[in-house]
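Topology and contacts: notes
Here is how the chains run, residue by residue.
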Amino acid sequence: MKSTLFLGLLFATKLAGQAPSVRIPRIEADIAVDGLLDEPVWRQAARLDGFKQYRPVDSRPAEDSTVVLVWYSPTAIYFGILAYDREPDLVHATVASRDNIASDDEVMIYLDTFNDRRRAYFFGSNPLGVQDDGVRSEGGFSASSFTSGTIDRNPDFQYQSSGQRTAFGYVIEMRIPFKSLRYGGGDEQTWGINVDRLTQRTGYEDTWTDVRRASESFLAQAGTITGIHGIHRGVVVELEPELTAQLPGNRLDDGTFSRGDVQPAVGGNLRFGFTNLTVDGTINPDFSQVESDAGLVTINQRFALFYPERRLFFLEGIELFASPNNLVYTRTIVDPAGGAKLTGKFGPWTIAHLTAVDQEAGAPDAVANLTRGRRDIGANSAAGLTVTDREQGGAFNRVASADTRLLFGGVYYLQVQLAGSATRDSSGGATRTAPLWDVEYDRTGRAWGFNYKVTAIDSNFAAQSGFVPRTGVVMGHAFNRFSWYGPRKALIEQVTVYGGLPQVWRYNDFLRHRPIEGDGDLNGSVRLRGGWNVNGTVADAFVRFDPATYAQYALSGPSGLVPFTPSSGVFGAVAGTLTVGTPLFQHYEAAVGVAGGTTTIFPEAARGSALNVTGTLTLRPTQATRLFATLTYSRLRRARDGTEFARTIIPRLKLEIQPNRALFFRVVAEYRSQRQAALEDAATGLPLAISGTPVGASRTDSLRIDWLASYQPHPGTVVFLGYGSTLDGDRALTFRDLRREQDGFFVKVAYLFRR
């Protein structure tokens, strides 16, 4: 094993050594970023060209050529991009808000300023200069996907970009100040670099280096730029005071609607940025600019649903806290009064720590401490340690975890995690301790890949600062993937088939008794020339019911309550899905998905059938206007008599208007119509009671509307004006007779001082 690992690390190092390296010139100049590239200094710039296709088929010459010019001054690095297109009239470009150009043509610069092949800044722009930036981190794969690592668009960096369409395609000019970057020490810098170009007309993605999809790392296949010396950054100090005011309204128990008093608040953020270390602090942070979460179908869900973090203070550097099994989940900090955060990289060590005071009405404040440390090993491997602690009154929850991710052979990785928790409730008593362990083995080959994984979580394991929705189980799967690539200009560009056997055991029964649930599934995807995508799945699932889960259930019969005994389970539940997605046309794109078949109705421990339909449509009628529409439909029927158990319909519309890069208007409307029948016994049809109370039918019909106007000339300086309202009704899918239940106006003004 040691020799295999050594050869794998040597192989990865050899690949990195073969990547192109370019020495870029240092020029004492400062130019206007106007998208023209007409200054004489551009004739002295280094040249990056010879792009290769990365997706859908790697290692082919790019169909459209791209040239990137690069040089640097003492204070910034400059990029000039000439993107040639055989059909320049079909270039996709809109005036959009920052990080909202997924439907546009784009060129993205990846800068790995520590040259560790694990984390890189990215700075992107569409043909009109609209920015798209963030951080890419390596780690985490699945057998069904070639996507390496995670992409976090939430950090907003200060840089300048300008672009314009031309007769041959488009031109982009970019200036990235060194103040916006962190990098290692030393008189002369060597940075990892890659350039990624996305052409929406074809759906093709090209890269400067010959990035192979049969690899466990995208960043490890980057090139390098050298010759960077004598650059000036200093200590970056950012102060962002903010003033907010809210005016809430609620409907009272007597049916009247009451408007409360204006609720002003003052808060702020302070940030010190050193060369390789950042310290952030916040007092009374405001999250009023956060868009409401998209509605999800919650009926028949046994476990909590994951909602991504959207709050800016927590998003900065959030990728540094990432660990297997989501042991850090910052949305557990619900109402912070203040917090502080430290993130940095020192040689092979990466450190991240966050402390926050979380307020809770009617209870003592909770103090959360989240710490993650990671050490680079070899060319691309790493080992990490995560420690979390949440204290509230006399209660606490503490978690410690060690993990390692070893890459070898160019396409393999082995990931191992061992964690333990210690928990004491507010009532006192003994401290409960419990383990979690995880082993994952993956191959990301071009034609053949696999992912084998086992995760075991004791029933007493608790991660109050993380997201571990299910405990007391061992979850395992074995997936294999096969891919085929069509020849150049073929109708079928790629076909991928993958399947596996995911299984779940009770924690104490692992490998001693039968699994309690699982399935055998087969998945396929086809990509056609031009960007059409077709995906389908078929699965044969089973569930064994645990009598302890239904211990509080009883049958409500003519003679009173009778103990309820669930059936042994649901077996042979065959179901399938089919999804079709259009290319990203210049003014629209769409997708529709249908899923159906036999399923399990968990609230009744019964067999049923499900039908789920989803549809999405995006319209771009002008460069400044975008309309996003989604529809979710879900219906569950009982197998016993075909009656409806539950039905959910969620239409959602979002309209965005962007007159210029700083001014933005948005309105979001979401209607939720949801109903569920009274619980019945699957065998007799008698009503079911829980804890002695029959569970009757329920329904929800509500409309949520959010309006926002914003002015944001640069990151950190904002003016927000918004209004949100929730209306409830008694009839499904009608806008008549809706009654406002709550609403609120808000205003926010913030200004970023930076030196």
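Residues numbered from 1 in each chain as written. Predicted model: local features only at pLDDT ≥ 70, side-chain atom pairs only at ≥ 80, totals over all residues. Heavy atoms only, no water.

Right, let's get into the pattern of salt bridges. Using the criterion set out here, one finds 51 salt bridges in the structure. We note a salt bridge from aspartate 132 to arginine 153, for which the minimum N-O separation is 2.8 Å. On the criterion of sequence distance, the pair formed by aspartate 132 in strand E9 (residues 131-137) and arginine 153 in the loop between strand E10 (150-152) and strand E11 (160-165) is long-range, its members being 21 residues apart. Assessed through its relative accessible area of 2%, aspartate 132 is described here as buried. Classification of arginine 153 by relative accessible area gives partly exposed; the value is 33%. Two residues, aspartate 701 and arginine 699, come together in a salt bridge whose shortest N-O distance is 3.1 Å. A relative accessible area of 47% places arginine 699 in the partly exposed class. Counted as one network, the salt bridges with shared partners bring together Glu63, Asp64, Asp85, Arg86, Glu87, Arg201, Glu493, Arg527 and Arg529. (Salt bridge = Lys/Arg side-chain N within 4 Å of Asp/Glu carboxyl O. Helix = DSSP H or I, 4+ residues; strand = E, 2+ residues; numbered from the N terminus. Buried < 20%, exposed > 50% of the residue type's maximum accessible area, 1.4 Å probe, protein only.)

With that settled, consider unusual backbone geometry. At the junction of arginine 55 and proline 56, the peptide bond is cis and its omega measures out at 5° in the coordinates. Positionally, proline 56 belongs in the loop between strand E3 (52-55) and strand E4 (60-61). The phi torsion at arginine 117 lies on the positive side, around 65°, for a residue other than glycine. Mapped onto the elements, arginine 117 comes out in the loop between strand E7 (106-112) and strand E8 (119-125). For arginine 117, a relative accessible area of 9% corresponds to the buried category. One non-glycine residue with positive phi stands out, namely serine 691, at about 55°. Considering the arrangement of structural elements, one finds serine 691 in the loop between strand E41 (688-690) and strand E42 (693-694).

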